[in-house]
Every structure is written in C-alpha cells, then in structure tokens.
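Examining the three-dimensional arrangement
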Amino acid sequence: MNQCPICQGENKCSNLSAEPEICWCTKKVFTDEVFRKIPEEQLYKQCVCERCLHRITEIEKASKRLGNR
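Residues numbered from 1 in each chain as written. Predicted model: local features only at pLDDT ≥ 70, side-chain atom pairs only at ≥ 80, totals over all residues. Heavy atoms only, no water.

Counting across every chain of the model gives 4 salt bridges. Measuring nitrogen to oxygen at the nearest pair gives 2.9 Å for the salt bridge that ties R36 to E33. On the criterion of helical spacing, the pair formed by R36 and E33 is a turn pair, its members being 3 residues apart in helix α1 (residues 32–37). On the basis of relative accessibility, which here comes to 57%, the residue R36 falls in the exposed class. (Salt bridge = Lys/Arg side-chain N within 4 Å of Asp/Glu carboxyl O. Helix = DSSP H or I, 4+ residues; strand = E, 2+ residues; numbered from the N terminus. Buried < 20%, exposed > 50% of the residue type's maximum accessible area, 1.4 Å probe, protein only.)

Put into structure tokens, the structure is as follows:
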C-alpha cells in the first residue's frame, strides 16, 4: 500500500502501480504549505493523499481570507 506521509492513509497513487495511469495528483496544485506538513525524512518519497491535500489547501485558503480582513 502506498501511504500518505501525513495521515498514513492510502494515497491512491497510480504513478507507482504496475500499470501506471495518469494519477489524480498530476492535475492538482501542491502549495509550499503541503510540503511543510510532510516529515523531512519522507519528503519527495511518498505521495500525499487527496484528502490531506484538500484539507491543507482549504485551511490555507481560510487563513488567507481571515488575513485579508
């Protein structure tokens, strides 16, 4: 199982499968904040899951909205 380095859940990465197809992550934007959440020893070794990407992105957007008040 390919694990998300943030939540340890399945990341559903198809880039490492026996029959690679275009992975969901190739169409997503990963901000610096996402990479800051990944433990350094796992950085660039495992894919983040879509759930963590969405959660971090939403928190970052909310934080920016609050900062613009």
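The next point concerns helix α2 (residues 50–67). Between its terminal C-alpha atoms α2 stretches 26 Å, which fits the 26 Å expected from 18 residues at 1.5 Å a residue. Looking at α2, one finds that the buried residues are C52, L53, I56, T57 and E60. Looking straight down α2, one finds its buried side chains confined to an arc of 125 degrees; they lie on one side. Facing away from the buried side of α2, by more than 90 degrees, are the exposed residues R51, H54, I59, R65 and L66. (Expected span 1.5 Å × (residues − 1). Arc of directions from axis to C-beta.)

Right, let's talk about the side chain of N11 for a bit. Mapped onto the fold, N11 is located in the segment before α1. On the accessibility criterion, N11 (3% relative accessible area) is buried. In terms of polar contacts, N11 uses its side chain to reach the backbone carbonyl oxygen of C47, at 2.9 Å. Discounting residues that sit within four places of it in the chain, N11 has contacts with N2, Q3, C4, W24, C47, V48 and C49. (Polar contact = N/O pair within 3.5 Å; in protein donor to acceptor, adjacent residues only side chain to side chain. Contact = heavy atoms within 4.5 Å.)

Locating L53 in the fold gives a position in helix α2. Of the residues examined, L53 reaches a relative accessible area of 5% and is grouped as buried. Taking the C-alpha atoms as reference points, L53 and F35, separated by 18 residues in sequence, lie 9.8 Å from one another. When near neighbours in sequence (up to four residues on either side) are disregarded, L53 contacts W24, K28, V29, F30, V34 and V48.

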